[in-house]
Amino acid sequence: MTSPKFTVVTPTYNQGQFIEKTIDSVLSQGYPNLEFIIIDGGSKDNTVEIIKKYERHLTYWVSEPDRGQSHAINKGMTKATGDYLTWLNSDDWYLPGALQQMHELFAAHPEAGMVVGEGRIVDQTGKEVLHISPMPEITLATLYTWLNGGNFLQPSSAYTRRAWEVAGQIDEGIHIALDLDLWLRMAKAGVKFVTTDALLSEALSHPQAKTTAFEDLMRLDCALVIIRHGGEHVARKTLDEMITRYSWYRRNYEAIISNPLLKMLRPIVKRFAKPGEYWSDFVPPWVKD
């Protein structure tokens, strides 16, 4: 029998240093009915050169300006014809046999609209930073606790076409917590999540990654998405903790910059704070004035 078609969409932009490993991880899966789509946002580095190297193995690819990751995923999904759908960011990769294991999980659980496995975050040396295991049962209530242990690694998941259709496409107004918003909409629509303890993927932690470079914004975005979907009673605690922490930082920052010694050094610091230099963007206001 022909295996159900698996569609993998990879959104990318200026990720030439990482994307080849991502592509290889998909193509080396050996899954017999694969549809692989790459949506590039008009990269200026060597991303397109790498994509062209593998284009004979791709179902579709394009390189043109877009409105960001959310838009790129939606563009890819409009081309998708698979029974199972997912996206794989260009700094993440599958572990061997991941697609086959997800297929077998779907086959064993015909009621499943989404399957989720374990994943891990690694640094650029390959060292594990964090191992993420999904909760045994994923529901709307557990998704509300995304910031407190209810999360899972997106590349270790896939969903059926039906689940995508009932939830609707990615909200392009969300740029960080776009995956959580989709999972919450699926849960509210009655999609059944099934989990496995199989390790399916790895995500790279690096300075340019959104969840690394903008960790606090990520937490804020997740909290706002959870509130939007009815989880204010859970997300409120996270927001309260963030405000308390930043209030402490602000008090200490103001105490530091009002120090008479620092004010005396202001003319010297200004001399070395050249406009346009990266570090000068973080020079305190009392230096820039």
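Just so we're clear, the structure is a prediction, and the values are computed from it rather than from any experiment. (Residues numbered from 1 in each chain as written. Predicted model: local features only at pLDDT ≥ 70, side-chain atom pairs only at ≥ 80, totals over all residues. Heavy atoms only, no water.)

On the surface, a cluster of nonpolar side chains totalling about 250 Å² of accessible area is made up of Leu217, Leu220 and Leu224. Looking at where Leu224 falls in the secondary structure, it is placed in helix α9 (residues 215-228). Judged by its relative accessible area of 46%, Leu224 is partly exposed. (Patch = residues over 30% accessible without salt bridge, like charges linked within 9 Å, V, L, I, M, F, W, Y side chains within 5 Å. Areas by Shrake-Rupley, 256 points an atom, 1.4 Å probe, with all protein chains shown as cover. Salt bridge = Lys/Arg side-chain N within 4 Å of Asp/Glu carboxyl O. Helix = DSSP H or I, 4+ residues; strand = E, 2+ residues; numbered from the N terminus. Buried < 20%, exposed > 50% of the residue type's maximum accessible area, 1.4 Å probe, protein only.)

Counting across every chain of the model gives 8 salt bridges. Residue Arg67 pairs with Glu172 through a salt bridge whose shortest N-O separation is 2.9 Å. With Arg67 in the loop between β3 (60-63) and α3 (69-79) and Glu172 in the loop between α6 (161-167) and α7 (178-188), this residue pair connects regions lying 105 residues apart in the sequence. Residue class for Glu172 comes out partly exposed when judged on its relative accessible area of 24%. Linking Arg228 and Asp181 is a salt bridge whose minimum nitrogen-to-oxygen distance equals 3.7 Å.

Right, let's get into the nonpolar core. By size, the foremost hydrophobic cluster in this structure holds 43 residues, and its most contacted members are Tyr159, Trp183, Met186 and Phe193. Among all residues touching Trp183, those that are not within four sequence positions of it are Trp87, Met114, Leu143, Trp146, Phe152, Gln154, Ser157, Tyr159 and Phe193. Within the second largest apolar cluster, 26 residues are counted, among which are Tyr31, Ile38, Ala98 and Ala112. (Core = buried A, V, L, I, M, F, W, Y, C linked by side-chain atoms within 4.5 Å. Contact = heavy atoms within 4.5 Å.)

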